[in-house]
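Chain and residue survey
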Amino acid sequence: MRAYRTVTAVWLLGKALTLAVNAVTFPRLRPAPVPPGGPRVSILIPARNEAANLPVTLPGVLAQGAHEVLVLDDRSDDGTGDVARHLGARVIPGAARPDGWHGKPWACQQLLRAASGDILIFTDADVTWHPGALGGLLRELHASGADLLSVQPRQSNVTPGERLLTPLVDAAVLSYFPFPLLRMTPPHPLATIANGQVMAYRRAALTRVGGYAAVRDQVLEDTVMARRLGQLGLRVSTVMGQACIGVRMYRSYPDSVAGFGKNALPIHLNSRAFMLASVALHVAGHTLPWLLPLPNRNALRAASLLERLAVNLIAGRRTPADLAEGLLGPVTPLLALPVMVRALRRRVSWKGREYRQ
């Protein structure tokens, strides 16, 4: 019991301190006009079977004032390319994926070859850009001096099933990675993160690392790319999207399980032992205090309720439904178990493709 009390106390205290630091230091995007005479900007969208998302998200991207918006139709079978053309984007038909390449890196590599900008912004098809987002992003890129600036979009969750796991994206960043540590130069590999939903590169930096060929066989290509840039002495940073950039990642709990199941093992450094230890710690710290007469159980119960509430407040998700997600804290580790079971498999599938882990 003493070991349990010590481990859970240190773990929860560390997360609480990280949240407190990030509440003060983590940068937030603010809307701004695109500066006249600024760098040439290419917004690049890899899209595979995104015909349902593009009518919602693409108009906002096209309205940002970038020099070009390119959509890579990654061999879709739902009319994605036709939808993008009708909305006004330039569409590039995706080529067959070479051996050794995963789908998204290959799509991004093709976009890189076609783009003409000095600033290359890769954004997913389910990401929504609001007025002033591009200007705010360019301002933050300049202020941070980053060679790669990624954005943590504000989560938009509509159905109850979406709220069960999807907000954990914010929790993973805000409760484990204090922003001052992320800004260290050179960055430590374990304190280097990026979010592939929005990645803004200076072209020279992406060229220097070898483009997306550097992460051709990675499922977690965004964070691995950030680490590769850091190893070259280049600066990596991140920012919260707030009211400028949002995303609706998954439409149901099963979709969340499938999506997170492909990333869970790489997030845990491709160590199944580390991943299982993480599961055990979350169950011990957040779920068991509600089931067993454990020491300090009232403090642990409070922490399990308040953590997701604090994360949502920092991330700018403050509607009553958003704040009520804090009540899910005690059951969240159990809801995540199917993700971990999926991640233990030797092969994972996503968008009709299988990848070996």
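Residues numbered from 1 in each chain as written. Predicted model: local features only at pLDDT ≥ 70, side-chain atom pairs only at ≥ 80, totals over all residues. Heavy atoms only, no water.

1. Section: the layout of surface pockets
- Taken as a whole, the second largest pocket holds about 340 Å³ of empty space.
- Along the wall of the second largest pocket there are 24 residues; nearest its centre are Arg-154, Gln-155, Ser-156, Asn-157 and Val-247.
- Elements represented by at least two residues in the lining of the second largest pocket include exactly helix H2 (54–62), strand S7 (154–155) and strand S10 (245–247).
- Examining the composition of the lining of the second largest pocket, we find that three residues originate from one element, S10, more than from any other.
- The class makeup of the residues in the lining of the second largest pocket is five nonpolar, eleven polar and eight charged. (1 Å grid on protein atoms, 1.4 Å probe; cavity = no way out; pocket = protein on both sides within 12 Å on 5 of 7 lines; lining within 4 Å. Points joined across faces, edges and corners; volume = space filled by probe spheres on them. Helix = DSSP H or I, 4+ residues; strand = E, 2+ residues; numbered from the N terminus. Nonpolar A, V, L, I, M, F, W, Y, C, P; charged D, E, K, R; others polar.)

2. Here's the deal with the packing of H2 against helix H3 (residues 80–87)
- At a closest axis distance of 10 Å, the pairing of H2 and H3 adopts a crossing angle of 40°. The angle between the axes of H2 and H3 places the two elements in the oblique class. Relative to H3, H2 is oriented so that their crossing is right-handed. Seen from H2, the contacting residues are Leu-54, Pro-55, Leu-58, Pro-59 and Leu-62; seen from H3, they are Thr-80, Val-83, Ala-84 and Leu-87. (Axes fitted to C-alpha atoms, helices over the stretch in contact; angles between N-to-C directions. Parallel < 35°, antiparallel > 145°, perpendicular 65-115°, else oblique. Left-handed = near helix turned anticlockwise from the far one by under 90°. Contact = heavy atoms within 4.5 Å.)

3. Some remarks on the sheet that holds strand S5 (residues 127–129)
- Taking strand neighbours across the sheet as the criterion, the three strands line up as S5-S10-S7 in an open arrangement whose pairing is mixed. Either end of the sheet is taken by a strand with one partner, and the two such strands are S5 and S7.
- Sheet analysis places S5 next to S10, joined by three bridges and oriented antiparallel. Within the sheet, the bridge partner assigned to Trp-129 lies in S10 and is Ile-245. (Pairing = 2+ DSSP bridges.)

4. Observations concerning the pairing of strand S3 (residues 90–93)
- Note that strand S2 (residues 68–73) and S3 share four bridges and pair parallel. Looking across to S3, one finds that Val-71 is bridged to Val-91.
- Where the polypeptide runs from S2 across H3 and back to S3, its parallel neighbour, the crossover connection is right-handed. (Right-handed = clockwise from strand over helix to strand, strands pointing away.)

5. Some details on helix H4 (residues 103–114)
- Its twelve residues place the ends of H4 17 Å apart at the C-alpha level, agreeing with the 16 Å of an ideal helix rising 1.5 Å per residue.
- Across the twelve residues of H4, nine count as buried, placing the element largely inside the fold.
- All buried positions along H4 are accounted for by Gly-103, Pro-105, Trp-106, Ala-107, Cys-108, Gln-109, Gln-110, Leu-111 and Leu-112. (Expected span 1.5 Å × (residues − 1). Buried < 20%, exposed > 50% of the residue type's maximum accessible area, 1.4 Å probe, protein only.)

6. Concerning the pattern of salt bridges
- Tallied over the full model, the rule gives ten salt bridges.
- Note that Lys-104 and Asp-124 form a salt bridge whose closest N and O atoms lie 2.8 Å from each other. Remark: Asp-124 occurs in the loop between strand S4 (119–123) and S5 and Lys-104 occurs in helix H4; sequence separation between them is 20 residues.
- Here Lys-104 falls in the partly exposed class, since its relative accessible area comes to 25%.
- It is possible to trace a salt-bridge network through shared partners that takes in Arg-163, Arg-308, Arg-317, Asp-322 and Glu-325. (Salt bridge = Lys/Arg side-chain N within 4 Å of Asp/Glu carboxyl O.)

7. Some remarks on unusual backbone geometry
- Here Gln-242, not a glycine, exhibits a phi torsion of approximately 50°, which is positive.
- Mapped onto the fold, Gln-242 is located in the loop between strand S9 (236–240) and S10.
- Classification of Gln-242 by relative accessible area gives buried; the value is 12%.
- Of note, Leu-269 is a non-glycine position whose phi angle comes to about 60°, a positive value.

8. Looking at the sheet that holds strand S6 (residues 148–152)
- Spatial ordering of the open sheet is given by S3-S2-S1-S4-S8-S6-S9, a layout of seven strands whose pairing is mixed. Both outer strands of the open sheet, S3 and S9, are each paired with one neighbouring strand and no more. Across the sheet, the axes of successive neighbouring strands diverge by a mean angle of 20°, strand direction being ignored.
- Sitting on the sheet, helix H5 (residues 133–144) touches strand S1 (41–47), S4, S6, strand S8 (198–202) and S9, and the angle it makes with S8 is about 50°.

9. A word on the nonpolar core
- Ranked by size, the top nonpolar core spans 48 residues in total, and within it Leu-58, Val-71, Ile-121, Trp-129, Leu-137, Val-198 and Ile-245 carry the most contacts.
- Per element, the largest residue contribution to this core is five residues, and it comes from H5.
- Counting residues in each nonpolar core, the second largest holds 29 residues, with Leu-70, Ala-194, Met-225 and Ala-226 among its members. (Core = buried A, V, L, I, M, F, W, Y, C linked by side-chain atoms within 4.5 Å.)

10. Describing the packing of aromatic side chains
- A complete count under the given rule lists six aromatic pairs for this structure.
- Ring plane angle 50° and centroid distance 5.1 Å describe the contact between Phe-26 and Phe-179, whose orientation is recorded as tilted. Here Phe-179 lies in helix H8 (residues 179–182) and Phe-26 lies in the loop between helix H1 (2–25) and S1, a separation of 153 residues in the sequence. Pair check on accessibility: Phe-26 and Phe-179 agree, each one buried.
- Of the aromatic side chains, those joined through ring pairs into one cluster are Phe-122, Tyr-201 and Tyr-212.
- Sitting over the ring of Trp-290, Arg-301 keeps its end group 5.0 Å from the ring centre. (Phe/Tyr/Trp six-rings, centres within 6.5 Å; stacked < 30°, edge-to-face > 60°. Lys NZ or Arg CZ within 6 Å of the ring centre and 35° of its normal.)

11. Let's talk about the UniProt feature "domain: Glycosyltransferase 2-like" (unreviewed entry) in the protein chain
- Cross-referencing UniProt, the feature "domain: Glycosyltransferase 2-like" (unreviewed entry) maps to residues 42–206 in the present numbering.
- With 36% helix and 22% strand, residues 42–206 has end C-alpha atoms that lie 13 Å from one another. (UniProt positions renumbered as here; feature names shortened; annotations may be inferred.)

12. Here's the deal with the environment of Gln-357
- Topologically, Gln-357 is positioned in the segment after strand S12 (353–356).
- Between the alpha carbons of Gln-357 and Ala-343 there is a distance of 8.6 Å; along the sequence they are 14 residues apart.
- Sequence-distant contacts of Gln-357, defined by excluding residues within four places in its chain, comprise Lys-262, Leu-265, Pro-266, Arg-272, Ala-343, Arg-345, Arg-346, Arg-347 and Val-348.

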